[in-house]
Amino acid sequence: MADLTVHAAQDAGREEAFQARVDREERVEPKDWMPDGYRKTLVRQISQHAHSEVVGMLPEGNWVTRAPSLRRKAVLLAKIQDEAGHALYLYSAAETLGASRDEMVEALHDGRAKYSSIFNYPTLTWADIGAIGWLVDGAAIVNQVSLCRCSYGPYARAMERICKEESFHQRQGYEIMTVLAQGTAEQKKMAQEALNRWWQPALMMFGPHDSDSVHGSRNMAWKIKRKSNDHLRQQFIDMTVPQAEYLGLAIPDPDLKWNEERGSYDFGPIDWGEFERVLKGGGPVGRERIRARRKAWDDGAWVREAAMAHAEKRRARKMQAAAE
Ligand code: 3HC
């Protein structure tokens, strides 16, 4: 009993010192002591983020064979490949916290792990690829620029590299929308319909309102998150409305109005019922996404086996050379 009291006092002291360090803006690195809750929430967030990058390749992959020109196809392929790279940085960052990649992937495949709600919507027309780049990557940048200052070093450093590529992704999407918006009446209609489909889901990417955010305030205190869900959502709206105006497209929100006093846009209610349904039931294409991921994993088994066998052979050769 006395031992337990001593341990509890030691842990409290360590947590206090940890918080003081975070407050001094010192980065936390993998070998440093950290509270269990800090480690757990980081593994949760970083692995969810990695899964989002992996699943996020699917809606765009759907358009590789139907891109309207060779240039569009090459750009789209490069973007999808970037997303795979982002997932690798992120899985590696989660591994520095003791998480195993196989376990993380298994959790995604058996439905225990979440990934961003946005990727459970289908890409119905080419304009959806423009809207994804413009809105989804745009929202991702707003969120991720603030994550570049995350207190955990490996995550923050991964985010810096990722943000550079996301800004290229955002621009390619906006450029697709610009061409469509300046095109024929039919093309402009396609662009408007894509904006109508993706606007609310993009706002949901930032997560529930601050009052309903489960991890928000704890993560802000630990400086994992630097800005709250609502703050970032507002920043995204304020940034995106003038971009839609430039395109000559209408944001599908009758309540959207500039608020002079706040220096920000007021906007209408978000359909959180739909958000919950998407998280629980996977949304319009949720099951299809996981099926596709499982298939890709199974189809890639021979590659993993060959790579492991090759690594094993090299290791054996090295050991033999060292012994001689
Ligand atoms: N989709 C799915 N789940 C979501 C969500 C969303 N849009 N928003 C919130 N949630 C989940 C949370 O994960 C949490 O569930 P859990 O307890 O089971 O893990 C629950 O809803 C409550 O939300 P909180 O606000 O309490 O959660 P957080 O404090 O973690 O904030 C977050 C949510 C803002 C998404 C935060 O985790 C975050 O910033 N994550 C990193 C960024 C990220 O994952 N981005 C993915 C976007 S897509 C992308 O980057 C790919 C690019 O190529 C476009």
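For clarity, every value in this text was computed on a predicted model and none was experimentally measured. (Residues numbered from 1 in each chain as written. Predicted model: local features only at pLDDT ≥ 70, side-chain atom pairs only at ≥ 80, totals over all residues. Heavy atoms only, no water.)

By secondary structure assignment, the location of T240 is in helix α10 (residues 229-247). Accessibility expressed as a relative area gives 0% for T240, which makes it buried. (Helix = DSSP H or I, 4+ residues; strand = E, 2+ residues; numbered from the N terminus. Buried < 20%, exposed > 50% of the residue type's maximum accessible area, 1.4 Å probe, protein only.)

A few words on the site of the ligand. For the ligand, the set of nearby residues contains 34 residues, the closest of which are E83, K114, V214, H215 and K225. Measuring from an oxygen atom of the ligand, one finds a side-chain N or O atom of H215 at 2.6 Å. Protein contact buries 90% of the 1000 Å² of open area that the ligand shows by itself. Put simply, the ligand lies in the largest pocket. At the level of secondary structure, the elements contributing two or more residues to the shell around the ligand comprise α2 (36-55), α6 (126-147), α7 (153-181), α9 (216-221) and α11 (272-281). (Near = heavy atom within 4 Å. Polar contact = N/O pair within 3.5 Å; in protein donor to acceptor, adjacent residues only side chain to side chain. Areas by Shrake-Rupley, 256 points an atom, 1.4 Å probe, with all protein chains shown as cover. 1 Å grid on protein atoms, 1.4 Å probe; cavity = no way out; pocket = protein on both sides within 12 Å on 5 of 7 lines; lining within 4 Å. Sits in = over half its atoms within 2 Å of the grid points.)

For the rest of this paragraph, the subject is the layout of surface pockets. Quantified by volume, the largest pocket comes out at close to 1200 Å³. The wall of the largest pocket is formed by 47 residues, among which Q48, S116, M205, F206 and G207 lie closest to the centre. (Points joined across faces, edges and corners; volume = space filled by probe spheres on them.)

Scanning the model with the defined rule gives 19 salt bridges in all. In this structure, R233 and D230 form a salt bridge, with 2.8 Å as the shortest nitrogen-oxygen distance. Taken together, the residues R233 and D230, both in helix α10 and three residues apart, mark about one turn of the helix. Salt bridges linked by common partners bring R21, R24, E26 and D32 together as one network. (Salt bridge = Lys/Arg side-chain N within 4 Å of Asp/Glu carboxyl O.)

Under the counting rule described, the total for this entry stands at zero disulfides. Note on C163: no disulfide assigned, nearest cysteine sulfur contributed by C148 at a separation of 3.8 Å. Since its relative accessible area comes to 10%, C163 is described here as buried. (Disulfide = S-S within 2.5 Å.)

This brings us to the environment of W198. Secondary-structure assignment places W198 in helix α8 (residues 185-204). Separated by 80 residues in sequence, W198 and I118 place their C-alpha atoms 8.5 Å apart. Not counting residues within four places of it along the chain, the set of residues in contact with W198 comprises I118, Y121, P122, T123, D128, A131, I132, L135 and V136. (Contact = heavy atoms within 4.5 Å.)

Within the largest apolar cluster, 79 residues are counted, with the highest numbers of intra-cluster contacts made by Y38, L42, L135, Y152, Y155, W198 and F236. Here this core gets eleven residues from one element, more than from any other, and that element is α6. Aside from chain neighbours lying at most four places away, what touches Y155 is L42, Q45, I46, H49, L90, A93, L147 and C150. (Core = buried A, V, L, I, M, F, W, Y, C linked by side-chain atoms within 4.5 Å.)

To continue, consider a positive patch on the surface. A cluster of basic residues, K313, R314, R317 and K318, forms a positive patch on the protein surface. Residue classification places K318 among the exposed residues on the basis of a relative accessible area of 60%. (Patch = residues over 30% accessible without salt bridge, like charges linked within 9 Å, V, L, I, M, F, W, Y side chains within 5 Å. Lys, Arg positive; Asp, Glu negative; His and termini not counted. Charge placed at Lys NZ, Arg CZ, Asp CG, Glu CD.)

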